[in-house]
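# Report on the structure
Residues per chain are reported as follows:
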Amino acid sequence: MDEKLSGEEERLIESAAAEHRQLEEEMELCRRMLTLIELAQDRRRAAITAGRIGEDICGYDQRLDTISSRDAFAAFATSPEGENIFATSKLPGPIGEEDEIVKGMCEKKRCKAHAGWAKMLALGLRHQIRELGEQAVEVEEQGRIVRDAAGERWRRKKAEKNWVEVL
Ligand code: ZN
């Protein structure tokens with residue numbers, strides 16, 4: 001509790017802080033999506049190096065499908081498989097699949113459905129992170145304005161009181 005704040009101001013500041021936390025969480029999810037894209041690129045590269053696929057193979061990882069839905073991705077990221085991926089920064093084959101190197105990977109040549117997948121997905125996410133970041137700054141500013149106004153009012157009241165006491 002801050003004695004300078006009214007109940008209403010306290011509520012406003014609290015809800016701004018809650019919204020800020022929410023936005024931070026959304027940004028963290030987006031960053032993890034970017035990580036998954038990078039790991040899928042690494043995995044494709046490793047399969048090429050291992051001689052399992054050629055340079056012209058798509059290599060899109062089926063788990064990237066979750067990126068199109070925030071809730072689906074959040075569920076994936078908090079599943080045992082997802083937690084392991086983000087804790088180790090390694091993308092093994094999908095759980096339960098035997099062929100570690102290419103399972104879950106699109107093996108089409110010059111695939112049209114996923115053309116430029118890494119760039120396309122990352123571009124959308126970077127845009128989203130930027131927007132979320134701007135919103136977070138705005139929300140923070142709202143909280144600060146309320147706090148500053150309350151502080152100013154408190155100082156004024158104190159000055160008035162001192163003046164009355166002097167009289
Ligand atoms: Zn493909």
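Okay, so let's go over this structure. (Residues numbered from 1 in each chain as written. Predicted model: local features only at pLDDT ≥ 70, side-chain atom pairs only at ≥ 80, totals over all residues. Heavy atoms only, no water.)

With respect to the helices, strands and loops of the structure, alanine 18 is situated in helix α1 (residues 7-49). Judged by its relative accessible area of 34%, alanine 18 is partly exposed. Alanine 18 sits 128 residues away from valine 146 along the chain, and the two C-alpha atoms are 15 Å apart. (Helix = DSSP H or I, 4+ residues; strand = E, 2+ residues; numbered from the N terminus. Buried < 20%, exposed > 50% of the residue type's maximum accessible area, 1.4 Å probe, protein only.)

Below, the discussion takes up unusual backbone geometry. Positive phi outside glycine occurs at serine 89, with the angle close to 55°. The topology assignment puts serine 89 in the loop between α3 (80-88) and α4 (117-166). Even without being a glycine, arginine 110 presents a positive backbone phi close to 40°.

Another point: the coordination of the zinc ion. Angles between donor atoms at a metal ideally measure 109.5 degrees for a four-coordinate tetrahedral arrangement and either 90 or 180 degrees for a six-coordinate octahedral one. Around the zinc ion, the protein supplies Cys58 (SG), Cys106 (SG), Cys111 (SG) and His114 (ND1) as donor atoms, at distances of 2.1 to 2.4 Å. What the 4 donor atoms of the zinc ion show is an angle range of 102 to 118° at the metal, which sorts the shape as tetrahedral. Sequence positions of the residues that donate to the zinc ion give the spacing C-x47-C-x4-C-x2-H. Separated by 53 residues along the polypeptide, cysteine 58 in the loop between α1 and α2 (70-77) and cysteine 111 in the loop between α3 and α4 bring together distant segments of the chain. Judged on exposure class, the residue cysteine 58 and its partner cysteine 111 are both buried. (Donors = N, O, S within 2.8 Å, 3.2 Å for Na, K, Ca; no water. Tetrahedral: all angles 85-135°; square planar, octahedral: opposite > 155°, others 65-115°.)

Before going further, it helps to spend a moment on the side chain of arginine 43. Relative to the helices and strands, arginine 43 resides in helix α1. From its side chain, arginine 43 meets the backbone oxygen of glutamate 100 in a polar contact 2.8 Å long. Those residues within four positions of arginine 43 in sequence are excluded, and the remaining contacts are Asp61, Arg63, Leu91, Pro92, Gly93, Pro94, Asp99, Glu100, Ile101, Val102, Lys103 and Met105. (Polar contact = N/O pair within 3.5 Å; in protein donor to acceptor, adjacent residues only side chain to side chain. Contact = heavy atoms within 4.5 Å.)

For the rest of this paragraph, the subject is α1. If you check α1, its first and last C-alpha atoms are 63 Å apart, about what 43 residues at 1.5 Å a residue would give, namely 63 Å. Trailing α1 by a residue or two, glycine 51 shows a phi angle of about 80°, which is positive. (Expected span 1.5 Å × (residues − 1).)

Our focus in this paragraph is the pattern of salt bridges. Side chains that differ in charge, positive against negative, can pair when their charged atoms come close. Inspection of every chain in the model, using the stated rule, returns 14 salt bridges. The salt bridge partner of arginine 153 is glutamate 9, with a shortest N-O separation of 2.8 Å. You can see arginine 153 sitting in helix α4 and its partner glutamate 9 sitting in helix α1, a full 144 residues away along the chain. Residue classification places arginine 153 among the partly exposed positions, given a relative accessible area of 30%. On the basis of relative accessibility, which here comes to 12%, the residue glutamate 9 falls in the buried class. Note that aspartate 61 and arginine 43 form a salt bridge whose closest N and O atoms lie 3.0 Å from each other. With a gap of 18 residues between them, aspartate 61 in the loop between α1 and α2 and arginine 43 in helix α1 connect regions that are remote in the sequence. (Salt bridge = Lys/Arg side-chain N within 4 Å of Asp/Glu carboxyl O.)

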